[in-house]
Number of protein chains: 2
Amino acid sequence: MLIVVALGGNALLERGQPMEAENQRKNVAKTAKALGELARDYQIVICHGNGPQVGLLALQNDAYKKVTPYPLDVLGAESQGMIGYMIQQELGNQLPNKSVVTLLTQVVVDQDDPAFGDPSKPIGPVYSKEEAEKLSRERGWKIAPDGKYFRRVVPSPQPQDIVELPTIRSLLAQGAITICGGGGGIPVIRKRDNTLEGIEAVIDKDNTASLIAEKLNADMLLILTDVSTVCENFGKPNERKIKKISPKVLAEMSFARGSMGPKITASSRFVRHTHEKAAIGNLFEVLDMLRGKAGTMITEEIDGIEYY
Amino acid sequence: MLIVVALGGNALLERGQPMEAENQRKNVAKTAKALGELARDYQIVICHGNGPQVGLLALQNDAYKKVTPYPLDVLGAESQGMIGYMIQQELGNQLPNKSVVTLLTQVVVDQDDPAFGDPSKPIGPVYSKEEAEKLSRERGWKIAPDGKYFRRVVPSPQPQDIVELPTIRSLLAQGAITICGGGGGIPVIRKRDNTLEGIEAVIDKDNTASLIAEKLNADMLLILTDVSTVCENFGKPNERKIKKISPKVLAEMSFARGSMGPKITASSRFVRHTHEKAAIGNLFEVLDMLRGKAGTMITEEIDGIEYY
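What you see is a predicted model; the values in this text were computed from it and never measured.

1. What to know about the overall build of chain A
Tallying secondary structure elements over chain A gives 9 helices and 17 strands in all. Counting only C-alpha atoms and orienting by the principal axes, one finds that chain A spans roughly 55 × 50 × 45 Å. Residues counted as buried form 58% of the 308 residues belonging to chain A. Accessible area for chain A stands at about 13000 Å²; split by element, carbon and sulfur atoms hold 47% of it. Both charge centroids of chain A, one from 37 positive and one from 38 negative side chains, sit 2 Å from each other.

2. Section: the packing of helix 6 (residues 205–215) of chain B against helix 8 (residues 260–274) of chain B
Residue and element names in this part refer to chain B. Running from N to C, helix 6 and helix 8 point in directions that differ by 10 degrees, and their axes come no closer than 8 Å. Compared by their axis directions, helix 6 and helix 8 come out roughly parallel. Crossing of helix 6 over helix 8 shows right-handed handedness. On helix 8, the residues touching Lys205, Asp206, Asn207, Ser210, Ala213 and Glu214 of helix 6 are Pro262, Lys263, Ala266, Arg269, Phe270, His273 and Thr274. Residues belonging to the contact of helix 6 with helix 8 are distributed by class as follows: 4 nonpolar, 4 polar and 5 charged.

3. Side note on the relation of the copies chain A and chain B
For the match of chain A to chain B, the screw axis carries a shift of 0.3 Å, the RMSD comes to 2.5 Å, and the turn is 179 degrees. Both copies of the chain, as the preceding transformation shows, are related through a two-fold rotation axis. Comparing contact sets, 100% of the residues at the interface of chain A also lie at the interface in chain B, consistent with an isologous, same-surface contact.

4. Looking at the sheet that holds strand 7 (residues 149–154) of chain B
Residues and elements named next belong to chain B. Taking strand neighbours across the sheet as the criterion, the 3 strands line up as 5-7-6 in an open arrangement whose pairing is antiparallel. Unpaired on one side and paired on the other, strand 5 (121–127) and strand 6 (142–146) mark the two borders of the sheet. Mean inter-strand twist for the sheet, computed between neighbouring axes without regard to direction, equals 40 degrees. Both strand 6 and strand 7 contribute to a ladder of 5 bridges, which runs antiparallel. Its bridge partner being in strand 7, aspartate 146 is matched across the sheet by tyrosine 149. The sheet strands contacting helix 2 (residues 51–63) are strand 5 and strand 7, and the helix crosses strand 5 at an angle near 70 degrees. Running at roughly 120 degrees to strand 5, helix 4 (residues 129–139) makes contact with strand 5, strand 6 and strand 7 of the sheet.

5. Overview of the sheet that holds strand 10 (residues 186–190) of chain A
Residue and element names in this part refer to chain A. Ordered by their spatial adjacency, 4 strands build an open sheet running 8-4-10-11, and the pairing between neighbours is mixed. Edge positions in the open sheet fall to strand 8 (159–162) and strand 11 (196–198), since each of these has one partner strand only. Strand-to-strand twist across the sheet, computed as the mean angle between neighbouring axes with direction ignored, equals 45 degrees. Taken together, the 3 bridges between strand 10 and strand 11 define a ladder with antiparallel strand orientation. Of the residues in strand 11, the one forming a bridge with arginine 190 is leucine 196. Sitting on the sheet, helix 3 (residues 72–94) is in contact with strand 10 and strand 11, with an inclination near 135 degrees to strand 10.

6. Here we look at the interface of chain A and chain B
Frequently, the measure chosen for interface size is the accessible area that the parts lose on association. Taken together, the contacts link 47 residues of chain A with 47 residues of chain B. Buried surface at the junction of chain A and chain B, both sides included, amounts to about 3900 Å², of which 59% is carbon and sulfur. Counting every contact that joins chain A to chain B gives 2 salt bridges. Across the pair arginine 25 of chain A and aspartate 73 of chain B runs a salt bridge whose closest N-O atoms are separated by 3.7 Å. Every element with two or more residues in the side of chain A that touches chain B is listed here: helix 1 (21–41), helix 2 (51–63), helix 3, strand 3 (100–102), helix 5 (165–173), strand 10 and strand 11 of chain A. In terms of residue class, the side of chain A that touches chain B is made up of 22 nonpolar, 18 polar and 7 charged.

Cut-off values and rules
- Residues numbered from 1 in each chain as written.
- Chains lettered and ligands numbered in written order.
- Predicted model: local features only at pLDDT ≥ 70, side-chain atom pairs only at ≥ 80, totals over all residues.
- Heavy atoms only, no water.
- Helix = DSSP H or I, 4+ residues; strand = E, 2+ residues; numbered from the N terminus.
- Buried < 20%, exposed > 50% of the residue type's maximum accessible area, 1.4 Å probe, protein only.
- Areas by Shrake-Rupley, 256 points an atom, 1.4 Å probe, with all protein chains shown as cover.
- Lys, Arg positive; Asp, Glu negative; His and termini not counted.
- Charge placed at Lys NZ, Arg CZ, Asp CG, Glu CD.
- Axes fitted to C-alpha atoms, helices over the stretch in contact; angles between N-to-C directions.
- Parallel < 35°, antiparallel > 145°, perpendicular 65-115°, else oblique.
- Left-handed = near helix turned anticlockwise from the far one by under 90°.
- Contact = heavy atoms within 4.5 Å.
- Nonpolar A, V, L, I, M, F, W, Y, C, P; charged D, E, K, R; others polar.
- Least-squares fit on C-alpha atoms with pLDDT ≥ 70 in both.
- Pairing = 2+ DSSP bridges.
- Buried area = accessible area lost by both parts, 1.4 Å probe.
- Salt bridge = Lys/Arg side-chain N within 4 Å of Asp/Glu carboxyl O.

Everything listed is a geometric property; what it means functionally is a separate question.
Okay, structure coming up:
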C-alpha cells in the first residue's frame, strides 16, 4: 500500500517558534519518529512544506546587501536541500534498514495561471507602507496589506506536472522512502521550445502532494498538520469534529482560504479523481488516522458526514 | 562507458565574479552545453563544487541577525539544492530525451580526521588581505591566501563513505544522469549506535568524486576546472604543461594546497585503486581531453611524463 504524506511546514517549525536550526532539528526528529512507524507498515512518499524556511532564506538574502537576492525558484530549491536533508537523516536514523532519499523536484506551472495576475501568498517580513512601496519600485515586488503592515506577496499557481515523476517511480520500485516535491516543488514553466525555466512563485505543497499521489496511483493521501480533524462550523459554538465525509458534501462547505481551504481542495481532488481515500489530521495521530480513529477521512464510501 | 565528472565551483561562478544568481545561471548554461556533448556519448555522474555558493549562504546567514547561522552541513545541503537545480534544469534543457536528476547526498567523514584541527578548504568570495584579516578578527574565521586574494577556510576531512550509494547505482541503472555528492556531499559522522549526524565541514568535491567513481567502478574520473592542464613548475620560467603522467611520478611532485593539490591527490588515488584513467583540464575542452588532445591524463599506461 502506497501512501503519499503531505507534511505541514509546522511539523518542522512550530507556529511562532524561533527559526533556529536546533528547533527545526528537534521537530524533525519527532516527526521522523511518527513517520517511521508509518513507514514500517506502508510504502511512503513525503512532500513537505517550506513556508517558514523559504521565508528565512528570503530574509537572509535580503540582509546580505552585496548580492541581489536570489529568485524564488532557487530559494525553493535551497529549501528542498535544507529540509530534505534533515528529514532524510532523521528518518534514516529511525529506519536503519531502509533507504530514505531526497530527490530535487521541479513542478511545472502554467505561465497563464490566473495566480500570476493575482499574487496572494505573503512571504518574508512585514514592512511599513513607505518601505514596502520603495521595495516594490526597486525590485518590482507586488505588495499587499497584512494587518497594519505590508508584505511582499507572490503567486501560488496550480501544479500541472511533476518533471521528475519517472524517477520518483523508479525510486519507489527500489523500495526507497522518497522525499520529493518539497515546498510544493521548484516552480518552473515549460516554454514553447519545450525547455524549462524557473519562475517566481511558491506552489502549495498540499496541491503538489495531491498531484503526485494521483500520478503515482497512491492508495491514500495523508495531509498531516497540527490540528486533529476538519471541523464543521470551526470556532463557533456549534463546531463539530468530522470523522468521515464525502468529497461532494465537503465541496458544499466553506473553509478558511489561507489554512484549511487548500488542504480540503487538495484532498477532495485526489479522492474525486482516483476514488481512493484521503485523510487530514495530526501528524502524531497518524496510525490512528489509518484506523479511522483520528483525523478526518474524505471518502466516497459514504454519502454524507459522520461526526466524532 | 561511465565517467564521473568533478565540476569546479568556478565552473559555476568564475573566480572573483560577483555572486549574482544571473551570473551563475549563465555559467551553468555554458557548462551544461559542454557536459551535454559529453552525455550524448557517455553515461555521466556529476559531482559539483560549492565553495563560492556555500560561502555566500554563510554570509547571508551571518547578515541576518535574528536567527543563529545554520551549521555548515545544513548549508551544504542548501547548496546541493541551489546548484543541483540549476545544473539539472540547464542540462535537462540540452538533453530533452534524458532524465537528469539531483540526489541529496550525505558523505561520512571521520570525527577524528586531522582536518578538523587544520582548516584548509576555501569557501565564499575572495577578499583583499586587509578585508580578510578584518573578517578573521571579527568573526573568528580562519583565512588563507587563494591566488592573489584571500578567502575563509574551513575543515575539509576525507570522505569515507557515500550514504546514498545504492540509490546512485539504481539511478544509473535507469539511465539517469545523476548529480550527486554536490559540494563534496553533506558532511556527516556515523555514531556508535550507527546513526548519522551532521558535522561542520566542507568536503573536497574532487575527493568525493574520486570515491564515488571508485565505488561505481567508473571507467574514468574527469576533474574539470578553469585551467587547461597540470603544469610542472607552475608559474615559474621553466613551467611545462603535462600531457600524460603516471600517478607514481605525480606523487613525487608538489602542488598548491587548496587548489591543484586536492585534484592531483583525488585523481591519483582513483587511478592507483582502479587502474583506470583520470584527467584534469578545462571544462570547455572536455571532448578533446577524452581524445588526449587537451588536459592532463593520469594513467598507469606510461611510467614517466609526457609534455605538450
